[in-house]
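Residue-level listing of the chains:
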Amino acid sequence: MTNRITINADQAAGTINRNIYGHFSEHLGRCIYEGIWVGEDSPIPNTNGIRNDVVAALKQLQIPVLRWPGGCFADEYHWKDGIGPREERKRMINTHWGGVVENNHFGTHEFMELCEMLDCEPYISGNVGSGTVQEMSEWVEYMTFDGVSPMAELRKQNGREKPWKLKYFGVGNENWGCGGNMRPEYYADEYRKFQTYVRNYGDNKVYKIACGPNDFNYEWMEVLMREATRFMDAISLHYYTVTGPTWTEKGAATGFTEDEWYTTLRKALVMDELLTRHSTIMDKYDPEKRVGLIVDEWGTWFDVEPGTNPGFLYQQNTIRDALVAGVTLNIFHDHCERVQMANLAQVINVLQSVILTEGEKMVLTPTYHVFDMYKVHQDATGLKTTVESQPYTRDGQSIPQVSVSASKDAAGSIHISLCNLDSDAAAEVEIDIRGLAASGLKVEGTELTAAIQDAHNTFNNPDSVAPNVYRAFSVEGSSIKAKLSPMSVTVLALSVEG
Ligand code: AHR
């Protein structure tokens, strides 16, 4: 049975903000320490303490924006502990994540330098839960004020003469939970107060992001939009794909069953419902869509790898994670008029990472390859697409077998990303491209797939799951017939010759 796809090459469906391809780095487990920061004296090749291999791999992804320092850590973080001579910085206990000592060696200057190396925008989360208005206000002054002021002087004393550019600033994180267990009405007032003192200095204009809801908490979205829309540029949303029935039984990252494969993808697709319903609430208060929806934490959350610290959230990453990434990014494209940024949790060694490290070794995960293949969609124009998918059925439940998204880039090339969610059956697809002045359609393809459901890359076998040239298609006029391998992510690049 064929899956029928129609792509309207002449009908735009919004711009796919490159920030949808954003990442998240928290002081959690081995994300910052070991994953990014090894220190200047490390035998691991580094520049000013930051790993060279990781920077090179992330640059290849063209990561547009990086969120820091948390997560739950953000509402316990006091930024002044992380500036000045490193050996004199305060040591604290990272109570949220494993109770380990945080030596604050990676702070504001190190993070901003990392962003400069990556050529990406910094996105900083401020502390509402255990911080003060003054502390938050001074952090923004420290980073962005170009003139004579106490914080600008302090920054200069610490070796940075010129202010940094800082656009994205989050006013708290998960303030309904780890960020203070607040009620939405209370947080809405706190947000209004804190954001007042997040100032714009010179030509630095801060894009203020309010803490939004977790998954299905529509009441939180309603209250925040009702009480604070005019004080925000965006509001966040968090959603994790958890396979198991509870947070204490989240399911294994590898060695899972066919049912768990299916459940994971079914739950990943819930993102579409969440974006639709939260956007509907936002539309009520912001019909012009001025306020962005920022999914600044998303991805799979499984049980930690056996034998690792439960507080470190270290998990393997398989072709199943690649499918979750592919379908989720396709969903973000569909909602690109409202979704202005998304940040996969987390960039290295934590949850659905694109990179894993062990000492000096580094491995790129299947999720990394999806982000690499999909980067062609960054800042491209989404194209109106319809899909008549065959069902992927298990135990009387059905989800679509195929997920699709298409965009046109500035040079006029069209890219189509296709996921076959079925782990057993190939998917026949017929793609009708309308609105192309076409003869001489040239198509090239790249595919990521595997032979077993939990195929993954290890330090000894780093290329077990890697993209390959894809040729299982034929072109006739403006129609493409393709056969998608089971459990695969494919990107087609189309150009018109002559
Ligand atoms: O990403 C891990 C944690 O998940 C973050 O610290 C928190 O914001 C969320 O609950």
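Predicted, not measured: the structure shown is a model, and the values here were computed from it. (Residues numbered from 1 in each chain as written. Predicted model: local features only at pLDDT ≥ 70, side-chain atom pairs only at ≥ 80, totals over all residues. Heavy atoms only, no water.)

Asker: I'm lost on the state of the cysteines in this one. Help?
Answerer: Disulfide: a covalent bond formed between the sulfur atoms of two cysteine residues. Enumeration over the complete set of coordinates arrives at one disulfide. Here C72 connects covalently by a disulfide to C178, the sulfurs 2.2 Å from one another. Disulfide C72-C178: torsion about the S-S bond near -90 degrees, hence left-handed. Here C72, found in the loop between β5 (65-68) and β6 (92-94), pairs with C178, found in the loop between β9 (168-171) and α5 (184-196); they are 106 residues apart in sequence, far enough to count as distant. As a non-bridged cysteine, C115 has C120 as the owner of its nearest cysteine sulfur, 4.0 Å distant. Its relative accessible area of 3% is what places C115 among the buried residues. This cysteine, C336, is not joined by any disulfide, and C419 carries the nearest cysteine sulfur, 17 Å off. Classification of C336 as buried rests on a relative accessible area of 2%. (Disulfide = S-S within 2.5 Å. Helix = DSSP H or I, 4+ residues; strand = E, 2+ residues; numbered from the N terminus. Buried < 20%, exposed > 50% of the residue type's maximum accessible area, 1.4 Å probe, protein only.)

Asker: Hey, could you run me through the site of the ligand in this one?
Answerer: Taken together, 13 residues form the shell around the ligand, and within it E26, C72, E174, Y240 and E297 come nearest. In the environment of the ligand, an oxygen atom lies 3.1 Å from a nitrogen or oxygen atom belonging to the side chain of N173. At a separation of 2.7 Å, an oxygen atom of the ligand approaches a polar side-chain atom of E297. In isolation the ligand has 290 Å² of accessible area, and contact with the protein removes 94% of it. Of the residues that constitute the shell around the ligand, the class distribution is seven nonpolar, three polar and three charged. (Near = heavy atom within 4 Å. Polar contact = N/O pair within 3.5 Å; in protein donor to acceptor, adjacent residues only side chain to side chain. Areas by Shrake-Rupley, 256 points an atom, 1.4 Å probe, with all protein chains shown as cover. Nonpolar A, V, L, I, M, F, W, Y, C, P; charged D, E, K, R; others polar.)

Asker: Mind showing me how you'd approach the side chain of S279 here?
Answerer: Along the chain, S279 turns up in helix α8 (residues 270-285). For S279, a relative accessible area of 9% gives the class buried.

Asker: How should I be thinking about the pairing of strand β20 (residues 414-420) in this particular structure?
Answerer: In regular strands, side chains alternate between the two faces of the sheet. Buried residues dominate β20, accounting for seven of its seven residues. Judged from the seven bridges that link them, strand β19 (residues 402-408) and β20 form a sheet pairing that is antiparallel. Bridge pairing in β20 links V404 to L418. In the sheet, β20 pairs with strand β26 (residues 488-496) via seven bridges, with the strands oriented antiparallel. Following the sheet pairing, H415 is matched in β26 by A493. (Pairing = 2+ DSSP bridges.)

Asker: Please clarify how the pattern of salt bridges should be interpreted in this entry.
Answerer: A side chain with one charge can pair with a side chain of the opposite charge if their charged atoms come near. With the rule as written, the count across this model stands at 29 salt bridges. A salt bridge links K193 to E190, with the shortest nitrogen-to-oxygen separation between them at 3.3 Å. One end of the pair, K193, and the other, E190, are both in helix α5, three residues apart, so they sit about a helical turn from each other. Residue classification places K193 among the partly exposed positions, given a relative accessible area of 39%. For E190, a relative accessible area of 12% gives the class buried. R338 is the partner of D286 in a salt bridge, and the nearest nitrogen-oxygen pair spans 2.6 Å. Of the two residues, D286 is situated in the loop between α8 and β12 (292-300) and R338 in the loop between α9 (319-334) and β13 (339-345); the sequence distance between them amounts to 52 residues. Classification of R338 as buried rests on a relative accessible area of 2%. The structure contains a network of salt bridges with shared partners spanning E40, R86, R89 and E110. (Salt bridge = Lys/Arg side-chain N within 4 Å of Asp/Glu carboxyl O.)

Asker: Explain the packing of aromatic side chains here, please?
Answerer: Taken as a whole and assessed by the stated rule, the structure comprises 21 aromatic pairs. Centroid distance F73 to Y77: 5.4 Å. Interplanar angle 35 degrees. Geometry classified as tilted. Members of the aromatic cluster, each reached through a chain of ring pairs, are W37, W68, F73, Y77, W79, F106, F111, W139, Y142 and F169. The ring of F24 has R67 sitting right over it, with the charged end atom 4.6 Å from the ring centre. (Phe/Tyr/Trp six-rings, centres within 6.5 Å; stacked < 30°, edge-to-face > 60°. Lys NZ or Arg CZ within 6 Å of the ring centre and 35° of its normal.)

Asker: Help me understand the pairing of β26, please; the structure alone is not making it clear to me.
Answerer: Bridge count for strand β22 (residues 441-448) against β26 is eight bridges, and the pairing is antiparallel. Residue E444 lies in a different strand from β26, and its bridge partner there is A493.

Asker: I would appreciate a short explanation of the nonpolar core in the present structure.
Answerer: It is characteristic of soluble globular proteins that their nonpolar side chains tend to be buried jointly. In this structure, F169, I235, W298, I319 and F332 are the most contacted members of the largest nonpolar core, which totals 121 residues. Of all the elements, α9 adds the most residues to this core, at nine residues. With residues near it in sequence (within four places) discarded, F169 still touches Y123, I124, G126, M136, V140, M143, V198, V206, Y207, K208 and I209. The next biggest cluster of nonpolar side chains, apart from the first, holds 22 residues, and it includes V402, I416, L441 and L484. (Core = buried A, V, L, I, M, F, W, Y, C linked by side-chain atoms within 4.5 Å. Contact = heavy atoms within 4.5 Å.)

Asker: Please explain the sheet that holds β12 as it appears in this structure.
Answerer: Think of a sheet as strands paired side by side through backbone hydrogen bonds, with each pair either parallel or antiparallel. Overall, parallel pairing links the eight strands, which are arranged β2-β5-β8-β9-β10-β11-β12-β13 in a closed barrel. Averaged over neighbouring strand pairs, the angle between their axes works out to 25 degrees when direction is ignored. As defined by bridge partners, strand β2 (residues 22-24) adjoins β5 across two bridges and the pair is classed as parallel. Bridge pairing in β5 places H23 opposite L66. Against the sheet, α5 engages β9 and β10 (207-210), with an angle of about 160 degrees to β10. (Axes fitted to C-alpha atoms, helices over the stretch in contact; angles between N-to-C directions.)

Asker: Looking at this structure, how should I read helix α7 (residues 258-268)?
Answerer: Residues spaced three or four apart along an α-helix point in a common direction, a consequence of the helix completing one turn every 3.6 residues. Taken together, the buried positions of α7 are occupied by W261, Y262, T263, T264, L265 and A268. Turning to α7, the residues buried within the fold contact β11 (234-241), α8, α9, β17 (391-394) and β18 (397-400).

Asker: For this particular structure, what's the right way to read the environment of A482?
Answerer: Locating A482 in the fold gives a position in strand β25 (residues 479-484). Overall, the relative accessible area of 4% leaves A482 in the buried class. Apart from residues no more than four positions distant in its own chain, A482 is found in contact with A427, E428, V429, Y470, A472 and F473.

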